[in-house]
Structures are given as structure tokens and as C-alpha cells.
Amino acid sequence: MGIAKEAGVANGSLFTYFETKTDLFNQLYLELKMEMASGAMNLPVAAEAREQFFHLWKDWMNWAVSNPHKRRALAQLSVSDEITPETRAAGHKAMAPIAELLERARANGPLQKAPMGFVVALMNSVAEATMDFMTQDPANAKKHSKVGFDALWRMLN
């Protein structure tokens with residue numbers, strides 16, 4: 001489905017707000033990143049890193065399973081050449097609380113000296129597999145989420 005059709009406007013109307021398709025894609029990328037990261041803004045402050053990370057994980061999994069179109073769009077935009085370095089930097093900034101929590105989670109674990117990009121790639125791989133299983137087997141979605149988190153936590157800590 002086209003973006004204009006999904007938004008309920010005529011094709012040309014989108015460009016009233018966005019000069020180019022690249023501008024539109026960059027704004028959509030940021031909006032989706034911010035929405036996905038919103039769970040990080042409500043972490044239990046007094047909790048240990050594991051509990052905070054599990055809270056974040058559950059929010060992330062629930063967002064992805066509840067918003068499959070947004071999940072797919074963000075995945076495609078994340079690898080798109082249309083997304084500018086400035087937009088990617090703004091997306092990373094939105095994820096800063098998550099990166100800080102990830103740093104604390106891996107501080108004493110086997111991945112403590114691994115490049116952060118590698119750690120994030122591993123985390124995203126476990127997350128994607130977990131989301132897929134949650135979507136394919138909704139009756140056991142909570143179980144899959146917990147198993148995915150436990151596997152990730154063992155890698156980190």
C-alpha cells in the first residue's frame with residue numbers, strides 16, 4: 001500500500017509537507033525510531049539493570065508484534081541509502097538511553113570488549129527471531145519473549 005493511500009491523502013499532498021521522497025523517508029525513519037524507543041523512557045529507575053532491560057525488552061517485543069507494518073518499514077528504512085547520516089545520528093541519539101543500559105548490562109559479561117556495533121547486531125538478531133516466533137505462535141508469545149530475553153541476557157552478562 002502506498003504512503004499517500006495509507007495516510008488517506010492524494011499522492012501530491014504528501015509533498016506539501018515533504019519536498020522530496022528522501023525527506024519523507026528520513027522523517028518516517030525518525031518517527032518510527034522514536035516510537036520504538038519510547039519504552040526506554042519509562043524504565044523503573046530503582047531497578048537493577050536486568051529488570052530494566054527486561055522491561056525494555058517486553059516493550060520492544062510488544063511494539064513490534066503490535067505494529068508489524070511499522071516493524072517492516074523501519075527494517076527497510078534502516079538499510080536504505082535514502083536515510084542521511086544526520087538522520088541516522090538523530091536516531092542513535094534517540095536510542096541513547098538504550099545504549100547506556102546495554103553498556104551496563106554487558107559491563108562484566110563475555111561481550112564487554114566486543115565492539116558495540118557487534119553487540120547491537122547480536123541483540124537485534126535475537127530480537128528479530130523472538131518477534132518472528134511471537135508473531136507465528138501468538139498463544140505462546142509471552143513464553144517466546146521470555147526465552148528470547150533469557151538467551152540475550154546470558155550473552156550479555
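Starting from 1, residues in each chain are numbered consecutively following that chain's sequence as written. Totals for whole chains, interfaces and linings use every residue, but because this is a predicted model, local features are given only for residues with pLDDT of at least 70 and side-chain atom pairs only at 80 or more, for both listing and counting. Only hydrogens and water are set aside; all other atoms, that is, all heavy atoms of the structure, feed into the side-chain values.

Draft legend 1. Local environment of the layout of surface pockets. Taken as a whole, the largest pocket holds about 690 Å³ of empty space. The set of elements that each furnish at least two residues to the lining of the largest pocket consists of α3 (21–37), α4 (49–66), α5 (68–78), α6 (85–94), α7 (96–106) and α8 (116–136). For each structure, a 1 Å grid was placed over the protein atoms alone; sets of points admitting a 1.4 Å probe that cannot get out are labelled cavities, open sets with protein on both sides within 12 Å along at least five of seven lines are labelled pockets, and lining residues have an atom within 4 Å of a point. Grid points are joined across faces, edges and corners, and a volume is the space filled by probe spheres set on the points. Under the DSSP-based scheme used, a helix requires at least four consecutive residues in state H or I and a strand at least two consecutive residues in state E, with every element numbered from the N terminus.

Draft legend 2. Representation of the side chain of His144. Positionally, His144 belongs in helix α9 (residues 141–156). Within the local environment of His144, its side chain forms a polar contact with the side chain of Asp137, the two groups lying 2.9 Å apart. Each residue touching His144, except ones within four places of it in the same chain, is listed here: Thr130, Phe133, Met134 and Asp137. Throughout this description, a polar contact denotes any pair of N or O atoms lying within 3.5 Å of each other; where both atoms belong to protein, one of them has to be capable of donating a hydrogen while the other can accept it, and for residues adjacent in sequence the pair is counted only when both atoms sit in side chains. The contact definition used throughout considers only heavy atoms, calling two residues in contact when any of these lie within 4.5 Å.

Draft legend 3. Fine view of α3. By this rule, a helix spans an expected 1.5 Å times one less than how many residues it contains. Between the first and last C-alpha of α3 there are 24 Å, a value that for 17 residues agrees with the 24 Å anticipated at 1.5 Å per step. For α3, every residue scored as buried is listed here: Leu24, Phe25, Asn26, Tyr29, Leu32, Lys33, Met36 and Ala37. With a 1.4 Å probe rolled over the protein chains alone, any residue whose accessible area is under 20% of its type maximum counts as buried; one over 50% counts as exposed, and the rest are partly exposed.

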